[in-house]
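Coordinate analysis (summary)
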Amino acid sequence: MAWIAEDKFNTDADGDLDANSGGTSWNGNWVSDASHDVQGTVTAEGAKAVSFALKAGTGISKRAIVAISAGIVYVSVRAAQVNQPFYVILRSADAGKMYVQFATDGNIKVYNGTTSVYDTLQAYTANTWYRIGIEFDDAAQADLYRVNVDGGAFSAWKGTNGTYATIDEFHLDAVDMTAGTFYIDAISPTYSLLAATSGKNFLAFMM
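Residues numbered from 1 in each chain as written. Predicted model: local features only at pLDDT ≥ 70, side-chain atom pairs only at ≥ 80, totals over all residues. Heavy atoms only, no water.

1. Description of the overall build of the protein
- Helix and strand counts for the protein stand at zero helices and 15 strands.
- Expected size for 207 residues packed as a compact globule is a radius of gyration near 17 Å; at 15 Å, the protein falls within 12% of this value.
- Here the C-alpha coordinates of the protein stretch approximately 40 × 35 × 35 Å along the principal axes.
- Burial statistics for the protein: of 207 residues in total, 52% are counted as buried.
- Carbon and sulfur atoms provide 51% of the accessible area of the protein, an area that totals close to 8100 Å². (Helix = DSSP H or I, 4+ residues; strand = E, 2+ residues; numbered from the N terminus. Rg over C-alpha atoms; globule rule 2.2 N^0.38 Å. Buried < 20%, exposed > 50% of the residue type's maximum accessible area, 1.4 Å probe, protein only. Areas by Shrake-Rupley, 256 points an atom, 1.4 Å probe, with all protein chains shown as cover.)

Printed below as a string of structure tokens:
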């Protein structure tokens, strides 16, 4: 079974993301703290996206999927600044396995469990949307994954954080932020964005 879960937030009411049930093919609702809100001011696609601002709370939003051992998921990410950390994480049984980091040095990075360091993919700038793709296939590439940005070439396969058999959760982590805002939009199994309403435009094609 491939990744099929999708959420573009367009039918959600503005405000707290927690308990929202929009999108399709998830295995439960969003579990989120009060710092993560649906809003319609800054979006990559359609009418709504989610903002991650510094407020009281855990800094985490997560949503379960039916466990799969192979798939690809895309998510659009935008930073209002380049000096704050933010993570897109795929998890298994409450443990993070695959990490994409918007780092404080202004680079998008991928965690390499083989070397226990974050490898740089490319630089990022403030107020620009980036579409991140994460691919995994435990049968063909055991305990490995790879990442691309804006539909470009995938990175080399990187080691996961420990072994995994299946992925069962999409996880967004802003726990180390001390200021600023990140935005998330268009979690999907395809790269294509039907409409780019702000920031960076994406070519529409299917992976």
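Here the narrative resumes.
2. Some points on the sheet that holds strand E8 (residues 95-102)
- Read across the sheet, seven strands follow the order E2-E5-E14-E7-E8-E9-E10 without closing on themselves; strand pairing throughout is antiparallel. Every other strand in the sheet has two partners, leaving strand E2 (31-32) and strand E10 (117-123) as the edge strands with one partner each.
- Two strands pair when backbone bridges link them, and strand E7 (residues 86-92) and strand E14 (residues 167-173) are joined in this way by five bridges, in the antiparallel orientation. Directly across from arginine 91, in E14, lies its bridge partner glutamate 169. (Pairing = 2+ DSSP bridges.)

3. Considering the pattern of salt bridges
- According to the stated counting rule, one finds seven salt bridges in the structure shown.
- Glutamate 135 is the partner of arginine 146 in a salt bridge, and the nearest nitrogen-oxygen pair spans 2.8 Å. Taken together, the positions of arginine 146 in strand E12 (residues 144-149) and glutamate 135 in strand E11 (residues 129-137) put the pair eleven residues apart, joining distant regions of the chain.
- Relative accessible area serves as the criterion here: at 23%, arginine 146 is assigned to the partly exposed category. (Salt bridge = Lys/Arg side-chain N within 4 Å of Asp/Glu carboxyl O.)

4. Focus: unusual backbone geometry
- The residue phenylalanine 9 is not glycine, and still its phi comes out positive at about 65°.
- Looking at where phenylalanine 9 falls in the secondary structure, it is placed in the segment before strand E1 (15-16).
- The exposure class assigned to phenylalanine 9 is buried, which follows from its relative accessible area of 2%.
- Despite not being glycine, serine 116 has its phi angle at roughly 60°, a positive value.
- By secondary structure assignment, the location of serine 116 is in the loop between strand E9 (107-112) and E10.
- Under the relative-accessibility criterion, serine 116 is labelled exposed at 51%.

5. A few points about the packing of aromatic side chains
- Taken as a whole and judged by the stated rule, the model has 15 aromatic pairs.
- An aromatic cluster of at least three residues, connected via ring pairs, comprises Phe52, Phe86, Phe102, Tyr124, Tyr130 and Phe182.
- The cationic tip of arginine 146 hangs over the ring face of phenylalanine 154; the distance from NZ or CZ to the ring centre is 4.7 Å. (Phe/Tyr/Trp six-rings, centres within 6.5 Å; stacked < 30°, edge-to-face > 60°. Lys NZ or Arg CZ within 6 Å of the ring centre and 35° of its normal.)

6. Considerations on the sheet that holds E12
- In space, the eight strands of this open sheet follow the order E1-E3-E4-E15-E6-E11-E12-E13, with antiparallel pairing throughout. The open sheet is flanked by E1 and strand E13 (158-159), the only strands paired with a single partner.
- Pairing geometry for E11 and E12, over five bridges, is antiparallel. Counterpart to phenylalanine 136 in the pairing with E12 is tyrosine 145.

7. Structural notes on the pairing of E8
- Most of E8 sits inside the fold, with seven of its eight residues counted as buried.
- As paired elements, E7 and E8 share seven bridges and run antiparallel to each other. Along E8, the bridge assignment pairs arginine 91 with glycine 96.
- Hairpin connection of E7 to E8: two residues between the antiparallel strands, including alanine 93 at a positive phi of 50°.
- Where E8 and E9 come together, three bridges link them in antiparallel fashion. Residue pairing for E9: glutamine 101 is matched across the bridge by lysine 109.
- The hairpin turn running from E8 into E9, its antiparallel successor, is four residues long, and glycine 106 in that turn takes a positive phi close to 85°.

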